[in-house]
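Topology and contacts: notes
For reference, the chains in residue letters:
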Amino acid sequence: MDNCLFCKIIAGEIPSTKVYEDEDVFAFRDINPQAPVHILVVPKAHIPCADALDETNSRAVAKCFEAIAKIAKAEGLQDGYRVINNCGADGGQTVMHLHFHLLGGVKLGEKMI
Ligand code: AMP
Ligand code: ZN
């Protein structure tokens, strides 16, 4: 997608601190970390948000979670972590390219659920 920040990061047009990449997934450190480890795990396919998922593209989510398990091990998150997806305006989504926040490296509080 032409004007998508995360598509530009995936394409290398905007710099990022990459931590993982495979055929389907790109992951990089959040520019404004909310925890010692805060990584954005992004499908390479431009899917705007969780609400745009259906049977034609949901494999991207499985690939993201496979990557999350690998990244968590590589980052030493053996005591656990949190995965967050914000969807749409009420969900607090600011970048309209599906992504999962991987947060860890500390005992996280303030649980929403
Ligand atoms: P969300 O609010 O769920 O859409 O999350 C978007 C995230 O992207 C925020 O946590 C931002 O800090 C992060 N972000 C925005 N621009 C960049 C960038 N250039 N590199 C890394 N992370 C970014
Ligand atoms: Zn995109």
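Up top is the structure these notes are about.
Every chain's residues receive numbers from 1 upward, in the order its sequence appears when written. For this description, chains carry letters from A and ligands carry numbers from 1, given in the order in which they are written. Only residues with pLDDT of at least 70 are given local features in this predicted model, and only at 80 or more are side-chain atom pairs given and counted; all residues enter the totals for whole chains, interfaces and linings. With hydrogens and water stripped out, all remaining heavy atoms of the structure feed into the side-chain values.

**Overview of the coordination of the zinc ion (ligand 2)**
Test applied: Sites may look incomplete because water is not among the atoms; the donors themselves are N, O and S atoms within 2.8 Å of the metal, or within 3.2 Å for Na, K and Ca. Labels for metal geometry use angle windows, namely 85 to 135 degrees for all angles of a four-donor tetrahedral site, and for square planar (four donors) or octahedral (six donors) sites opposite donors over 155 degrees apart plus all others within 65 to 115; sites meeting none of these are irregular. What counts as a helix is a DSSP run of H or I of at least four residues, what counts as a strand is a run of E of at least two, and both are numbered from the N terminus. A 1.4 Å probe rolled over the protein chains alone gives each residue an accessible area, and that area as a share of the maximum for its type sets the label: buried under 20%, exposed over 50%, partly exposed in between.
Coordination of the zinc ion (ligand 2) by the protein is provided by C4 (SG), C7 (SG), H46 (ND1) and H97 (ND1), with metal-donor distances spanning 2.0 to 2.3 Å. Classification of the site at the zinc ion (ligand 2) rests on its four donor atoms, whose angles at the metal span 105 to 116 degrees, yielding the label tetrahedral. One chain supplies every donor for the zinc ion (ligand 2), spaced along it as C-x2-C-x38-H-x50-H. Note that C7 is positioned in helix 1 (residues 5-10) and H97 in the loop between helix 3 (88-91) and strand 5 (100-104), a separation of 90 residues in sequence. H97 carries the same exposure label as C7, and that label is buried.

**What to know about the pairing of strand 3 (residues 37-43)**
Threshold: In this scheme, strands are said to pair when DSSP sees at least two bridges between them.
Judged by how many residues are buried, strand 3 sits mostly within the fold: seven of seven residues are covered. Sheet topology note: the strand 2 (residues 25-29)/strand 3 ladder contains five bridges and is antiparallel. Within strand 3, the residue paired with F28 across the bridge is L40. Relative to strand 5, strand 3 runs antiparallel, the two sharing five bridges. Bridge pairing in strand 5 places I39 opposite L102.

**A few points about the site of ligand 1**
Short version of the rule: We define proximity as follows: a residue is near a molecule or strand when any one of its heavy atoms falls within 4 Å of that partner. Each polar contact in these results corresponds to two N or O atoms within 3.5 Å; when the atoms are within protein, one needs to be able to donate a hydrogen and the other to accept it, and residues that are neighboring in sequence are counted only if both atoms are side-chain atoms.
Around ligand 1 sit 16 residues in total, of which D30, N86, T94, H99 and H101 are the nearest. Take D30: an N or O atom from its side chain is 2.5 Å from an oxygen atom of ligand 1. A distance of 2.7 Å is found between an oxygen atom of ligand 1 and a backbone nitrogen or oxygen belonging to T94. For the shell around ligand 1, the secondary-structure elements that each account for two or more residues are helix 1 and strand 2. Of all the elements, helix 1 adds the most residues to the shell around ligand 1, at three residues.

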